Amino acid sequence: MCSYPSTNVFYTGNYTTELLRVESESHTLNIPPPKSLLIATPLDAEEFPLLLFLHGYLLYNSFYSQLIQHIASHGFIVIAPQLYTVAGADTSDEIHSVAAITNWLCEGLRKFLPPNVRPNFGKLALAGHSRGGKTAFALALRRLNITTNLKFSALIGVDPVDGMDIGKQTPPPVLTYVPQSFDFDMAVMVIGSSLGEVKRNPLFPPCAPKGVNHENFFNECKKPAWYFVAKDYGHCDMLDDDTKGIRGKATYCLCKNGESREPMRRFVGGVIVAFLKAYLHGDDGDLLAIRDRHVSLPVEIKCDFSV
């Protein structure tokens, strides 16, 4: 019989958190990162695992403030870089940037964290949403033969997308369309949205088209791999409720959305926490409780599977 935890990862955790902004052009005595960062960190005097989280196409890292604070409140330091403001189809520059940020962490991160907050560089996970999910998978797969001086222990794709459609992958392509072809040395989780493959209007393609979306990413994963698809929620429904500016308003207009973002955001945050606890802390109670429905879920799940 499984032993399930009494805490609920879909609600705010026990740690008080703070959002920190670190600019790449900082002229302080500290060593600035290669890209500007938004960091969600607990404030307790403890050692915490790390999650490097990559934003989606043409989005701002600030759009994920509520999500990364949710994760941090459960005892994780979340580093969300702003990889670009304008970008073309090719993701090569982003892959190089994420590798550079990863290599910077040991040298520079401690100097920007609150006193007595200690990062555990031996427990590092990589995650990304949409195009950021593709970038995360590409780096983990060493698509450009790039290596990092820190090892990733877990990989997460949040509604990852590899292009506009089958045959229209953005370079460098990640999907091979060969089942279980991804050669990872870590656990993987893919989170999908059922409405991501649905057009919002006839003028624009779906935000996560069939053939290049979460389903394809999971099909190419080997075990251990986890897969959850939220029913009735869309590609941008894990973002903040209030995403400002033209790009923020576009997240409501270009993608098919659910009724509200709060349930999907809590779901994404909760399953990420459960997955990180399982593969960074060795505590799989929350993840098994979600799989076996021994905890109330904020959304209805269309599909879930683990290998």
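Residues numbered from 1 in each chain as written. Predicted model: local features only at pLDDT ≥ 70, side-chain atom pairs only at ≥ 80, totals over all residues. Heavy atoms only, no water.

The criterion, for reference: UniProt positions are given in the numbering used here, feature names are shortened, and annotations may be inferred rather than shown by experiment.
For the chain, an unreviewed UniProt entry supplies the name chlorophyllase and the organism Abrus precatorius. The UniProt entry for the chain carries this comment under Subcellular location (unreviewed entry): "Cytoplasm, Cytosol". On record in UniProt, under Catalytic activity (unreviewed entry), the comment for the chain is "a chlorophyll + H2O = a chlorophyllide + phytol + H(+)".

1. Overview of the state of the cysteines
As a reminder, the rule being used: Only a pair of cysteine sulfur atoms within 2.5 Å qualifies as a disulfide here. Think of it this way: any DSSP run of H or I at least four residues long counts as a helix, any run of E at least two long counts as a strand, and we number them from the N terminus.
According to the stated counting rule, one finds one disulfide in the structure shown. Paired through a disulfide, Cys-207 and Cys-255 show a sulfur-sulfur distance of 1.9 Å. Of note, the bridge from Cys-207 to Cys-255 carries an S-S torsion of about -95° and is left-handed in sense. Here Cys-207 is found in the loop between strand S7 (187–193) and helix H4 (214–219), whereas its partner Cys-255 is found in the loop between helix H5 (245–253) and helix H6 (262–280), with 48 residues between them in sequence. No disulfide involves Cys-236; its sulfur sits 3.8 Å from the nearest other cysteine sulfur, which is in Cys-255.

2. Observations regarding the side chain of Thr-41
The test is simple: Per-residue accessibility, obtained with a 1.4 Å probe over protein chains only, is compared with the maximum for each type, and a residue is labelled buried under 20%, exposed over 50%, and partly exposed between these values. A contact between two residues is defined here by any heavy atoms of the two lying within 4.5 Å.
With respect to the element layout, Thr-41 can be found in strand S2 (residues 37–42). Note on Thr-41: relative accessible area 0%, which makes it buried. Contacts of Thr-41, omitting those with residues within four sequence positions, involve Thr-16, Thr-17, Glu-18, Leu-20, Ala-72, Ile-77, Leu-113, Pro-114 and Val-117.

3. Some thoughts on the UniProt feature "active site" (unreviewed entry) in the chain
In the numbering used here, UniProt assigns the "active site" (unreviewed entry) feature to Ser-130, Asp-159 and His-235. For this annotated set, covering 106 residues, all C-alpha atoms fall within 7.8 Å of each other, a compact arrangement in space. Following the sequence through the fold, Ser-130 ends up in the loop between strand S5 (118–129) and helix H3 (131–140). Its relative accessible area of 8% is what places Ser-130 among the buried residues. When residues no more than four places from it in sequence are discounted, the contact partners of Ser-130 are Gly-56, Tyr-57, Val-158, Asp-159, Pro-160, Val-161 and His-235.

4. Overview of the pairing of S7
So the rule is basically this: Crossovers are marked right-handed if the path from the first strand over the helix to the second runs clockwise, as seen with the strands pointing away from the viewer.
Summarising burial for S7: seven of the seven residues are buried, a large majority. Side chains Ala-187, Met-189, Ile-191 and Ser-193 project from S7 onto one buried face, and the interleaved Val-188, Val-190 and Gly-192 project onto a second face that is buried too. Handedness of the β-α-β unit built from S7, H4 and strand S8 (residues 225–230) comes out right-handed.

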